[in-house]
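# Overview (structure and organization)
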Amino acid sequence: MKSVSLGVMAGMLLFCSVPAFAQTHPASAPSAATAPVISSDGKLYADFGGHDGLVALMDDFMVILLADPRTKDFFVAVDQTRVKVELVSQFCQILGGGCTYTGKDMKTVHAKLGVHQADFLALVEDLQIAMDRKHIPFRAQNQLLAALAPQHRDVVTEP
Ligand code: HEM
């Protein structure tokens, strides 16, 4: 319980500090088409359980998104299997698992979804819940969230 609320707070902090983050870490402010590799020694990827761990994490994440009234309408009618596959490929790339993201660029994918900042925050919270349930170390969670935070510029289209 403690780690969930701490995780949510960390996510809010990251989300709210995105402009400062982008300014002070220009090399880590990509569009998702060029999502940064934030670790190259394989340890961070291992913290997530490698490929099988990421697949299991995305399975749980999607279940949580579909159960969350704040996010379910976005995901209920899409090809959830494809979204999960692309999330695995993107997160694998970011975490240094040696993958290359195979999906569409983030701006194009999310352009017509009408995502608000609150929706983005809800999704981050749900990802944190999924990561906590998988007992992914808190520090590893925050490293992933820090890499994802700048993507809000490509995902959030509504005030
Ligand atoms: C850092 C945050 C996010 C990341 C990394 C992310 C990543 C992705 C990826 C990799 C895909 C699949 C791309 C493809 O099909 O080629 C996708 C699709 C999608 N995302 Fe996101 N996303 C994020 C935020 C959000 C938010 C906040 C929402 C809405 C609450 C959202 C809703 C969707 C939906 C509905 C699709 C499926 C679109 C379709 O198939 O037509 N995403 N996202």
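Here the structure is a predicted model, which means the values were calculated and not measured. (Residues numbered from 1 in each chain as written. Predicted model: local features only at pLDDT ≥ 70, side-chain atom pairs only at ≥ 80, totals over all residues. Heavy atoms only, no water.)

### Topic: the site of the ligand
In the vicinity of the ligand there are 22 residues, among which Phe74, Arg82, Gln90, Lys104 and His110 approach most closely. Within the backbone of lysine 104, an N or O atom sits 2.8 Å from an oxygen atom of the ligand. Measuring from a nitrogen atom of the ligand, one finds a side-chain N or O atom of histidine 110 at 2.9 Å. Taken together, the elements giving at least two residues each to the shell around the ligand come down to helix H5 (72-75), helix H6 (80-94), helix H7 (106-110) and helix H8 (117-133). Its residues assigned to classes, the shell around the ligand shows 14 nonpolar, four polar and four charged. (Near = heavy atom within 4 Å. Polar contact = N/O pair within 3.5 Å; in protein donor to acceptor, adjacent residues only side chain to side chain. Helix = DSSP H or I, 4+ residues; strand = E, 2+ residues; numbered from the N terminus. Nonpolar A, V, L, I, M, F, W, Y, C, P; charged D, E, K, R; others polar.)

### Some thoughts on the packing of H6 against helix H9 (residues 138-148)
Running from amino to carboxyl end, H6 crosses H9 at an angle of 105°, the nearest separation of the two axes being 11 Å. Our classification of the angle between H6 and H9 gives roughly perpendicular. Contacts between H6 and H9 involve Gln90, Phe91 and Ile94 from the former and Leu144, Ala147 and Leu148 from the latter. Looking at side-chain class alone, the contact of H6 with H9 contains five nonpolar, one polar and no charged residues. (Axes fitted to C-alpha atoms, helices over the stretch in contact; angles between N-to-C directions. Parallel < 35°, antiparallel > 145°, perpendicular 65-115°, else oblique. Contact = heavy atoms within 4.5 Å.)

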